[in-house]
Amino acid sequence: YFRGRRTGTTSDRERRGPSLTNHGYLARSLKGHPAAPKSGALYEHRKVFYETYGPDGHTCFWCGVPLEWGGSGRGKISVDHLNGDKTDNSPENLKPSCNPCNSSRGLFMSWIARHKDDPVLKALMA
């Protein structure tokens, strides 16, 4: 009803390509996709990972915990960008990760970016 009032037709809208979110990820609306939440807003990296590696048999790349799709937390899949570029969704850049490992790795990478000129850190990295 509301779509008819708003647009003049009740037919479904044409699907648009992915758009950039406020957090820097590419996302699109794909209700009903197995990797999508109930809202249907599916991040492009989750879609690429799901279609490349399939729905089952994933373990965390960092700690080895078995993972499954849906929700968030220790046993749920968070797709990690190895190079830190949120728009690089090539399959070789995406690894399955549990939420705690993905979050702590992101915090660590941002800490390194802020302290890149620290001589002690440079010595450790060498």
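For clarity, every value in this text was computed on a predicted model and none was experimentally measured.

Caption draft 1: Region of the structure containing the layout of surface pockets. If you add up the space inside the largest pocket, you get close to 680 Å³. Along the walls of the largest pocket sit 28 residues, with Tyr25, His45, Ser78, Val79 and Asn102 positioned nearest its centre. For the lining of the largest pocket, the secondary-structure elements that each account for two or more residues are strand S3 (41-43), helix H2 (44-53), strand S6 (78-81) and helix H3 (99-114). Considering every element that reaches the lining of the largest pocket, the biggest residue donor is H3, with 5 residues. A class-by-class count of the residues in the lining of the largest pocket yields 13 nonpolar, 11 polar and 4 charged.

Caption draft 2: A look at the environment of Cys98. Considering the arrangement of structural elements, one finds Cys98 in the loop between strand S7 (94-97) and H3. Taking the C-alpha atoms as reference, Cys98 lies 8.6 Å from Pro66; in sequence the two are 32 residues apart.

Caption draft 3: Geometry of the packing of aromatic side chains. Throughout the structure, instances matching the rule amount to 6 aromatic pairs. A centroid spacing of 4.8 Å and a plane angle of 45 degrees characterise the contact between Phe49 and Tyr53, whose relative ring orientation is tilted. Within this pair, Phe49 and its partner Tyr53 are both found in helix H2, separated by 4 residues, close to a single helical turn. You can call Tyr53 partly exposed: its relative accessible area is 37%. Plain terms: the ring middles of Phe108 and Trp111 are 6.4 Å apart, the flat faces sit at 15 degrees to each other, and that makes the pair stacked. Taken together, the residues Phe108 and Trp111, both in helix H3 and 3 residues apart, mark about one turn of the helix. Owing to a relative accessible area of 47%, Phe108 belongs among the partly exposed residues under this scheme. Its relative accessible area of 34% is what places Trp111 among the partly exposed residues. Among the aromatic residues, those joined into a cluster by ring pairs are Phe49, Tyr50, Tyr53 and Trp69.

Caption draft 4: Geometry of the state of the cysteines. Across all of its chains, the model carries 0 disulfides by this definition. For Cys60, which is in no disulfide, the shortest distance to another cysteine sulfur is to Cys63 and amounts to 3.6 Å. Classification of Cys63 as partly exposed rests on a relative accessible area of 36%.

Caption draft 5: Broad picture of the pattern of salt bridges. All chains considered together, the criterion is met by 4 salt bridges. Notably, a salt bridge pairs Glu51 with Lys47, separated by 3.4 Å at the nearest N-O pair. In this pair, Glu51 and Lys47 are both assigned in helix H2, 4 residues apart and thus about one turn of the helix distant. Across the salt bridge formed by Glu68 and Lys76, the nearest N and O atoms sit 2.6 Å from each other.

Parameters at a glance
Residues numbered from 1 in each chain as written. Predicted model: local features only at pLDDT ≥ 70, side-chain atom pairs only at ≥ 80, totals over all residues. Heavy atoms only, no water. 1 Å grid on protein atoms, 1.4 Å probe; cavity = no way out; pocket = protein on both sides within 12 Å on 5 of 7 lines; lining within 4 Å. Points joined across faces, edges and corners; volume = space filled by probe spheres on them. Helix = DSSP H or I, 4+ residues; strand = E, 2+ residues; numbered from the N terminus. Nonpolar A, V, L, I, M, F, W, Y, C, P; charged D, E, K, R; others polar. Phe/Tyr/Trp six-rings, centres within 6.5 Å; stacked < 30°, edge-to-face > 60°. Buried < 20%, exposed > 50% of the residue type's maximum accessible area, 1.4 Å probe, protein only. Disulfide = S-S within 2.5 Å. Salt bridge = Lys/Arg side-chain N within 4 Å of Asp/Glu carboxyl O.

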